[in-house]
Amino acid sequence: MRILVSTKPVDFRKGHDGLAALVQSLLAEDPFTGTVFVFRAKRADRLKILFWDGSGLVMAYKRLEADSFTWPAIRDGAMTLSRTQFEALFAGLDWRRVRPLETPKPAIAE
């Protein structure tokens, strides 16, 4: 699963169509590919998710009650997160601390 985070805050009054238009214009991506697009508000405690599930656009909204999300630096474009990093971000954790496990290749018995 491909997950892209738009690093610039967006107008959170936008719905499905408005966010899909932003995906096309700001990120130069196709919103109908199954990629998960994550958007941040000016207030760091809110996010919206947009993705195509094969039959329609799905939009989810989350607001943290007691904290704020850890966002990447504000700049143009988007950045890719792994699924594990996205799950940490969505849970309100610091996604930058999530690293894949380094597993050495097993030795082949001869």
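In this text, all values refer to a predicted model and were calculated from it rather than measured experimentally.

Novice: So what exactly am I meant to see when it comes to the sheet that holds strand E2 (residues 36-40) here?
Specialist: Hydrogen bonds along the backbone pair up the strands of a sheet, which may run parallel or antiparallel. The five strands lie next to each other as E4-E3-E2-E1-E5, forming an open sheet whose pairing is mixed. What marks the edges here is a single partner per strand, and that holds for strand E4 (57-63) and strand E5 (78-81). The average undirected angle you get between the axes of adjacent strands in this sheet is 25°. Note: strand E1 (residues 3-6) against E5, four bridges, orientation antiparallel.

Novice: Quick question: what am I supposed to make of the nonpolar core here?
Specialist: The tendency in soluble globular proteins is for nonpolar side chains to be buried as a group. If you look at the biggest cluster of nonpolar residues, it comprises 16 residues, and the most contacted ones within it are Val 38, Trp 71, Leu 81 and Leu 89. When residues no more than four places from it in sequence are discounted, the contact partners of Val 38 are Ile 3, Leu 4, Val 5, Ser 6, Lys 48, Trp 71, Phe 86 and Leu 89. Counting residues in hydrophobic clusters, the runner-up holds 13 residues, among them Leu 4, Val 10, Leu 19 and Phe 39.

Novice: Help me understand helix H1 (residues 16-25), please; the structure alone is not making it clear to me.
Specialist: In an α-helix there are 3.6 residues to a turn, and that puts residues three or four apart on one side. Of the positions making up H1, those classed as buried are Leu 19, Ala 20, Leu 22 and Val 23. All buried residues of H1 project into a common sector of 155° when viewed along the axis, lining one side. In H1, the exposed positions angled more than 90 degrees off the buried face are occupied by Asp 17 and Ser 25.

Each value, and the rule that gives it
Residues numbered from 1 in each chain as written. Predicted model: local features only at pLDDT ≥ 70, side-chain atom pairs only at ≥ 80, totals over all residues. Heavy atoms only, no water. Pairing = 2+ DSSP bridges. Helix = DSSP H or I, 4+ residues; strand = E, 2+ residues; numbered from the N terminus. Axes fitted to C-alpha atoms, helices over the stretch in contact; angles between N-to-C directions. Core = buried A, V, L, I, M, F, W, Y, C linked by side-chain atoms within 4.5 Å. Buried < 20%, exposed > 50% of the residue type's maximum accessible area, 1.4 Å probe, protein only. Contact = heavy atoms within 4.5 Å. Arc of directions from axis to C-beta.

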